[in-house]
Amino acid sequence: MRREDTVKKCVSVLALLVSLFAPTVHAQDAERPTGEMMGNTCAACHGTYGRLGSAAFVPLAGMEVEEFVRAMRAFRDGSRPSTLMHSVAVGFSDEEYQAMAEFFAAQRIEE
Amino acid sequence: MQRRDFLKALGTGAMLATGLSVRSVFANAAPHVVIVGGGVGGATAAKYLKFADPNIRVTVIEKNPVYIRPYGSSEVLNDHIGMQDLEVRYDRLRERYGIEFLFDTVTGVDPHARTVRTAGGVQLNYDRMIVSPGIQLLYERIEGYSASVAESRIPSAWIAGNQTRLLRDQLHAMRPGGTFVIVAPPNPYRCPPGPYERGALMAEWFKVHNPTAKVIILDSKDSFVPGPSMLLGWNRLYGYNVPERFREGMPTDGEWPMKIHEEPGMLDWVAGRDGGRVLSVDAANLSVETEAGRIEADVLNIVPPMVAGKVAFELDLVDETGYCPIDRRTHESTRHPGIHVIGDACVADAMPKSGFSANTQAKVAARAVVDLLAGRDTQAPLWENTCYALAGSEYGLYVADIFRLVDGRIARTEGPRFLPLDASRAQIRIGALYQQNWMRTFTDDCFA
């Protein structure tokens, strides 16, 4: 029992250390995913393919490329106030904004 | 056979109607992908497999014909929604995309012959399999607790269903001035902000319906997500006194400062370092023994430790951690080739166990499965997670992260993750609005 406790403690200390030193990466340092791969992660809020029927989130399907890129840059540098879009926008590079923008610009607004 | 062809034709028609013009590489011999588990991960994978190639035959094996969503299910406890609002049906996945559903239980898989058998006596061949089994709760890990105690007296309500209803009824019948005790689980667990959001939503409800009630959250951990932003919300709404070690960066003046309350409010959190770890439960007396002593409850809610869902063990996909090791690029099991594991059950490094994580993992796995079946190179994966959480029905919080593959591991992309501590009232309120809308858009992205 005591030994198990010690093991448990070691495991949890180890888990804590791992989480403290978990590597993070900068957007520009990783292999670049396709616009579709990245754009699909937006769907949970902005709708499948960025097509949205609800009012709270901005529909992305059919958005002009430049508008998308400008919005993401403004979210990143804070010049456009946001709730969580700042946290999302800092996770991508300019080239990735462009790839996602092209993906969404190519989507029909409605099914 | 004829019926299947008809369904397939119907499926293809539906794809055209949704505006997809993906050219199939499987014109003559369409592969069959079997998905085990029809929760967030399984449903999303089925849909995105069809997007990637409409000719792939997709069969989902799921035991329940109606899915009860766990995300947002604490909102049943404060009557913000009803149990029926948690129900999600599979009709749209079947009708729009031609995904086949088999409501049955998997009893065995032969990973070499690539066959799967069910309790109902069906045997299916598959070319690749995606397993999304979710979690199972280890009630017995806590002395005095068990599945039968959870079903009858001390619900966990962590997998939505009868225990959610039981906990709701207990809370609503609690005596005036009673104590609601939540026991938070150790890491890793499904829905990191969940226990803390649940405590907050009940404190908000008690303020109106049982104003002398107390909420105590007992924890073996010393911190949680979304951390200080939740503690600040508790301080503002329920008079919680934020421990000094978390106060850095909290506003002390301006429109909505953090205050130190002479008389602490109705909600308390006992961290592991303060003796919050639970040692045993006395089900008869509704009390728990903690490292800091005995605590009596009027309503007791225990979220026990958890591991991968049962079917993951039956399919031999689990290692000594209790979860399923995978090749992160494709989510393919490192124990059994041809089987991909997604969602809460897989080892995903920096990603939390959440519905949003399962949803983006499903998309990565679906793309990888189609590329592997077609003999193409797999793509660089990208994942995201956003956990929305409420400190009150109009007080929205979040943690948001982009994840990438780095040296074979899933790593968080550098950047701020939480609602800033100096966020305005308007931002906080919009956060809650987003949380409510996300429930709908997210459910649609997975199931419609």
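The rules behind these values
- Residues numbered from 1 in each chain as written.
- Chains lettered and ligands numbered in written order.
- Predicted model: local features only at pLDDT ≥ 70, side-chain atom pairs only at ≥ 80, totals over all residues.
- Domains from an automatic or database assignment.
- Contact = placed C-beta atoms within 7 Å.
- Nonpolar A, V, L, I, M, F, W, Y, C, P; charged D, E, K, R; others polar.
- Core = buried A, V, L, I, M, F, W, Y, C linked by C-beta atoms within 7 Å.
- Buried ≥ 20, exposed ≤ 12 C-beta atoms within 10 Å, placed from the backbone.
- Helix = DSSP H or I, 4+ residues; strand = E, 2+ residues; numbered from the N terminus.
- Axes fitted to C-alpha atoms, helices over the stretch in contact; angles between N-to-C directions.
- Left-handed = near helix turned anticlockwise from the far one by under 90°.
- Pairing = 2+ DSSP bridges.
- Expected span 1.5 Å × (residues − 1).
- Arc of directions from axis to C-beta.
- pLDDT = per-residue confidence, 0-100.
- Parallel < 35°, antiparallel > 145°, perpendicular 65-115°, else oblique.

**Quick notes on the domain arrangement of chain B**
All names here are of chain B. What the domain assignment reports for chain B is domain 1 (2-134 + 309-380) and domain 2 (139-305). Computed from C-alpha coordinates alone, the two centres of domain 1 and domain 2 are separated by 34 Å. Facing 15 residues of domain 1, the contacting portion of domain 2 comprises 20 residues. Tallied by class, residues from the side of domain 1 that touches domain 2 come to 7 nonpolar, 4 polar and 4 charged.

**Remarks on the nonpolar core**
Within soluble globular proteins, side chains that are nonpolar tend to cluster in buried spots. Residue and element names in this part refer to chain B. Grouped together as the largest cluster of nonpolar side chains are 160 residues, with contacts concentrated most on L49 and C324. A per-element tally of this core places helix α9 (residues 355-373) first, with 10 residues. The residue makeup of this core includes at least three contributed by each of domain 1 (2-134 + 309-380) and domain 2 (139-305). What L49 contacts, discounting residues up to four positions off in sequence, is V33, I56, V58, A366, V369 and V370.

**Examining the packing of helix α2 (residues 40-52) of chain B against α9(B)**
All names here are of chain B. At their nearest, the axes of α2 and α9 sit 8 Å apart, and the two run at 35 degrees to each other. In this structure, α2 crosses over α9, and the sense of that crossing is right-handed. Touching V40, G41, T44, A45, Y48, L49 and A52 of α2 are G355, A358, N359, Q361, A362, K363, A365, A366, R367, V369 and V370, all from α9. Residue composition of the contact of α2 with α9, by class: 11 nonpolar, 5 polar and 2 charged.

**Here's the deal with the interface of chain B and chain A**
How large an interface is tends to be reported as the accessible area lost when its parts come together. With 42 residues of chain B at the contact, the number on the chain A side is 35 residues. Listed by contribution, the elements that provide at least two residues to the side of chain B that touches chain A are α9, β22 (382-392), β23 (395-406), β24 (409-413) and α10 (425-447) of chain B. Examining the composition of the side of chain B that touches chain A, we find that 12 residues originate from one element, α10(B), more than from any other. Bridge analysis of strand β1 (residues 24-25) of chain A against β24(B) gives 2 bridges, and the strand direction is parallel. Each residue of the ladder has a partner; that of T24(A), found in β24(B), is R412(B).

**Regarding unusual backbone geometry**
Residues and elements named next belong to chain B. A cis amide bond, omega -10 degrees, links N187 with the succeeding residue P188. Along the polypeptide, P188 turns up in the loop between β11 (179-183) and α6 (194-209). Between V225 and the following residue, P226, the backbone shows a cis peptide bond with an omega angle of 5 degrees. Although it is not a glycine, C191 sits at a positive phi angle of roughly 65 degrees.

**Let's talk about helix α4 (residues 65-77) of chain A**
Residue and element names in this part refer to chain A. Here α4 is 13 residues long and its end C-alpha atoms lie 19 Å apart, about the 18 Å a rise of 1.5 Å per residue gives. Taken together, the buried positions of α4 are occupied by F68, M72, F75 and R76. Taken end-on, α4 shows its buried residues confined to a sector of 100 degrees, consistent with a single buried face. Opposite the buried face of α4, by more than 90 degrees, sit the exposed residues E66 and D77. Where the residues of α4 are buried, they touch α5 (85-89) and α6 (94-105). Immediately beyond the C-terminal end of α4, within one or two residues, lies G78, with a positive phi of roughly 85 degrees.

**What to know about the sheet that holds β24(B)**
One open sheet holds the 4 strands; their spatial order is β1(A)-β24(B)-β23(B)-β22(B), and the pairing between them is mixed. Strands at the two margins of the open sheet, each flanked by one partner only, are β1 of chain A together with β22 of chain B. Relative to β23(B), β22(B) runs antiparallel, the two sharing 10 bridges. When the bridges of β23(B) are listed, T386(B) appears paired with A400(B).

**Comments concerning the confidence of the model for chain A**
Residues shown with low pLDDT carry predicted positions that ought not to be read at fine detail. Averaged over all residues, the pLDDT of chain A is 83; the fraction at 70 or higher stands at 77%. Considering only residues more than four positions removed or in separate chains, one finds that residues 1-20 of chain A, a stretch of pLDDT under 50, has 1 contact.

**Some remarks on the packing of α4(A) against α6(A)**
Residue and element names in this part refer to chain A. At a closest axis distance of 8 Å, the pairing of α4 and α6 adopts a crossing angle of 140 degrees. Comparing the axis directions of α4 and α6 gives the class oblique. Like other packed secondary-structure pairs, α4 and α6 cross with a definite hand, here right-handed. The residues of α6 that touch α4, namely those facing V65, F68, V69, M72 and R73, are Y97, Q98, M100, A101, E102, F104 and A105. For the contact of α4 with α6, the class distribution of residues is 9 nonpolar, 1 polar and 2 charged.

**Thoughts on the environment of R367(B)**
Within the element layout of this structure, R367(B) appears in helix α9. For the pair R367(B) and A119(B), spaced 248 residues apart in sequence, the C-alpha separation works out to 30 Å.

**Regarding the environment of G62(A)**
Residues and elements named next belong to chain A. Checked against the element boundaries, G62 lands in the loop between α3 (43-46) and α4. Note: C-alpha distance between G62 and A105 (43 residues apart in sequence) is 4.3 Å. The residues contacting G62, other than those within four sequence positions of it, are A105, Q107, R108 and I109.

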